[in-house]
Amino acid sequence: MQITLLGVGSSAGTPVIGCACPTCRSNNPKNKRTRCSMTVTMDDGTVLLVDTGPDLRLQALRENMNRVDAVLYTHYHADHLNGLDDLRSFCQRQRKPIPVYANEHTIQGIMQRFSYAFPVREQHHWDKPVLSGHVASGKMEIAGVEVQAVPVLHGPYEILSYRIGKMAYLTDVSDIPATSMGALQGLEVLFLDCLRDRFHPSHFNLEQALHWAGRIGARQTWLIHMTHDLEYEELSRRLPPGIQVAYDGLRLTLPEIKTPI
Ligand SMILES: [Zn+2]
Ligand SMILES: [Zn+2]
Ligand SMILES: [Zn+2]
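Only a predicted model underlies this, so the values are computations on that prediction, with no experimental measurement involved.

(A) Looking closely at the overall build of the chain. Across its full length, the chain holds eight helices and 14 strands. Over its C-alpha atoms, taken along the principal directions, the chain stretches across nearly 55 × 45 × 35 Å. Counting over 261 residues, the chain shows a buried share of 54%. If you sum the accessible surface of the chain, you get close to 11600 Å²; carbon and sulfur atoms cover 50% of it. Put simply, the chain has 26 plus and 27 minus side-chain charges, and the middle of one group is 3 Å from the middle of the other.

This is how it looks when you write it as structure tokens:
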């Protein structure tokens with residue numbers, strides 16, 4: 001399976017509008033971060049998309065995306081949700097509704113905010129995104145792919161991270177319950193929230209991300225959801241072996257496995 005990071009930025013993206021800090025003025029493409037999202041493409045071509053941030057259209061064009069079989073939502077904050085309308089292009093190409101998954105609280109919130117995308121009757125017009133909402137929990141088969149929903153805390157809220165094969169994607173996380181640690185064992189690749197150096201109540205800062213990366217013990221950990229406080233080269237120099245700074249467009253290939261745990 002192939003993993004593509006569509007974006008690794010925090011809610012404002014980098015550069016931040018109006019900011020002239022060294023990261024925002026940097027010419028290094030690895031300091032240009034769109035809002036967090038990723039795809040997993042299976043060997044048979046099935047594509048799972050995690051979140052639909054406000055940059056989805058540009059990310060899809062940049063990565064030549066032409067298919068989305070299902071969307072896994074972590075939570076409904078605007079930086080993970082508000083590109084939902086651009087799912088319309090995939091509905092138009094595929095001529096069928098796209099199933100979207102999230103925990104119960106998130107799926108209700110999404111269906112409330114974007115009620116026009118969840119038609120009650122069968123739709124044959126594709127002028128809007130046409131989606132079906134599903135509650136994700138535990139191990140599921142989604143579009144023929146084994147996916148495990150792993151609850152984590154984002155400040156006071158329980159949101160979802162996802163494990164597919166030996167990859168797990170944990171964005172917007174401030175704590176990992178002991179009951180979720182079992183699902184994070186034996187990972188090859190871990191994507192992990194690392195907002196900035198300073199403490200934040202709803203995200204891991206660098207110190208916390210390094211602590212949890214050590215506890216989870218994936219072979220490779222990649223830091224995501226970074227603000228402009230973290231400059232690519234400077235941060236890279238501060239990381240221990242096995243932990244790296246992710247960037248938009250990063251692609252990794254992992255063997256597909258049928259039973260993830
Ligand atoms: Zn976020
Ligand atoms: Zn800046
Ligand atoms: Zn959030």
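After that view, the rundown keeps rolling.
(B) Local environment of the coordination of the zinc ion (ligand 2). Protein coordination at the zinc ion (ligand 2) comes from C19 (SG), C21 (SG), C24 (SG) and H228 (ND1), with a distance range of 2.0 to 2.3 Å. Angles of 105 to 115° at the metal separate the four donor atoms of the zinc ion (ligand 2), which places the site in the tetrahedral class. Residue C21 is classed as buried on the basis of its relative accessible area of 18%.

(C) Spatial organisation of helix α7 (residues 206–216). Of the residues making up α7, those classed as buried are L206, A209, W212, A213 and I216. The buried residues of α7 occupy an angular sector of 130° when projected down its axis, which confines them to one face. Facing away from the buried surface of α7 by more than 90 degrees, the exposed residues are E207 and G214. Against the buried residues of α7 lie α6 (178–181), β11 (189–193), β12 (220–224), α8 (232–237) and β13 (243–245). Taken from the residues just after α7, G217 is the one with a positive phi, measuring 70°.

(D) Representation of unusual backbone geometry in the model. The step from T14 to P15 runs through a cis peptide bond, and the omega angle for that step is 0°. For P15, the location among the structural elements is in the loop between β1 (2–7) and α1 (22–25). If you check the backbone angles, A143 has positive phi at about 50° while not being a glycine. Looking at the element boundaries, A143 is found in the loop between β7 (138–142) and β8 (145–154). Although it is not a glycine, D172 sits at a positive phi angle of roughly 50°. Summarising the element assignment, D172 is placed in the loop between β10 (167–170) and α6. Accessibility expressed as a relative area gives 2% for D172, which makes it buried.

(E) Here's a closer look at the packing of aromatic side chains. Applying the stated criterion across every chain yields a total of four aromatic pairs. Here the aromatic rings of F114 and Y116 are separated by 6.1 Å at their centres, their planes lie at 70°, and the arrangement is edge-to-face. A relative accessible area of 9% places F114 in the buried class. Under the relative-accessibility criterion, Y116 is labelled partly exposed at 37%. Here the aromatic rings of Y232 and Y247 are separated by 6.3 Å at their centres, their planes lie at 80°, and the arrangement is edge-to-face. Here Y232 is found in helix α8, whereas its partner Y247 is found in the loop between β13 and β14 (251–253), with 15 residues between them in sequence. Sitting above the plane of the Y247 ring, K30 keeps its charged end 4.5 Å from the centroid.

(F) Focus on the sheet that holds β7. Ordered in space as β7-β8-β9-β10-β11-β12-β13, the seven strands form an open sheet in which the pairing is mixed. What marks the edges here is a single partner per strand, and that holds for β7 and β13. Pairs of neighbouring strands in the sheet enclose a mean axial angle of 25°, with direction left out of account. The pairing of β11 with β12 spans five bridges and is parallel.

(G) Up close: the nonpolar core. Counting residues in hydrophobic clusters, the biggest one holds 62 residues, and the most contacted among them are M167, I176 and F191. Excluding anything up to four places from it in sequence, F191 contacts I3, L5, M38, M167, A168, Y169, L170, W222, I224, L250 and L252. Membership of the second largest hydrophobic core comes to 25 residues, among which are Y76, L84, L87 and I107.

Conventions used here
- Residue numbering note: each chain is counted from 1, following its sequence as written.
- Lettering of chains starts at A and numbering of ligands starts at 1, both following the order in which they are written.
- Only residues with pLDDT of at least 70 get local features here, since the model is predicted, and only at 80 or more are side-chain atom pairs given and counted; chain-wide, interface and lining totals rely on the full set of residues.
- Hydrogens are left out, water is left out, and the side-chain values use all remaining heavy atoms of the structure.
- Here a strand is any run of E in DSSP of at least two residues, a helix any run of H or I of at least four, and the numbering for each starts at the N terminus.
- Three labels apply to residues, based on accessible area from a 1.4 Å probe with only protein chains included: buried if under 20% of the type maximum, exposed if over 50%, partly exposed otherwise in between.
- Accessibility throughout is a Shrake-Rupley quantity obtained with a 1.4 Å probe, and a residue counts as covered only by protein chains that appear here.
- By the counting rule applied here, Lys and Arg register as positive and Asp and Glu as negative, while His and the ends of each chain are not counted.
- Charged side chains are reduced to one point each, which is NZ for Lys, CZ for Arg, CG for Asp and CD for Glu.
- Distances up to 2.8 Å from the metal define which N, O and S atoms are donors, and 3.2 Å serves for Na, K and Ca; water is absent from the atom set, so sites may look incomplete.
- Just to be clear on the cut-offs, tetrahedral is four donors with all angles between 85 and 135 degrees, square planar is four donors and octahedral six with opposite donors over 155 degrees apart and all others between 65 and 115, and anything else goes down as irregular.
- The arc refers to the directions leading from the helix axis to the C-beta atoms.
- Contacts are assigned to residue pairs that have any heavy atoms within 4.5 Å of one another.
- Stacked, tilted and edge-to-face pairs are distinguished by plane angle, under 30 degrees for stacked and over 60 for edge-to-face with tilted covering the rest, among Phe, Tyr and Trp rings (Trp via its six-membered ring) whose centres lie within 6.5 Å.
- A ring has a charge above it when a Lys NZ or an Arg CZ is no more than 6 Å from the ring centre and no more than 35 degrees off the ring normal.
- Being paired, for any two strands, means DSSP has found at least two bridges between them.
- Axis definition: a line fitted to C-alpha atoms, over the contacting stretch in the case of helices. Angles run 0 to 180 degrees between N-to-C directions.
- Residues grouped as a nonpolar core are buried Ala, Val, Leu, Ile, Met, Phe, Trp, Tyr and Cys residues, joined through side-chain atoms within 4.5 Å.

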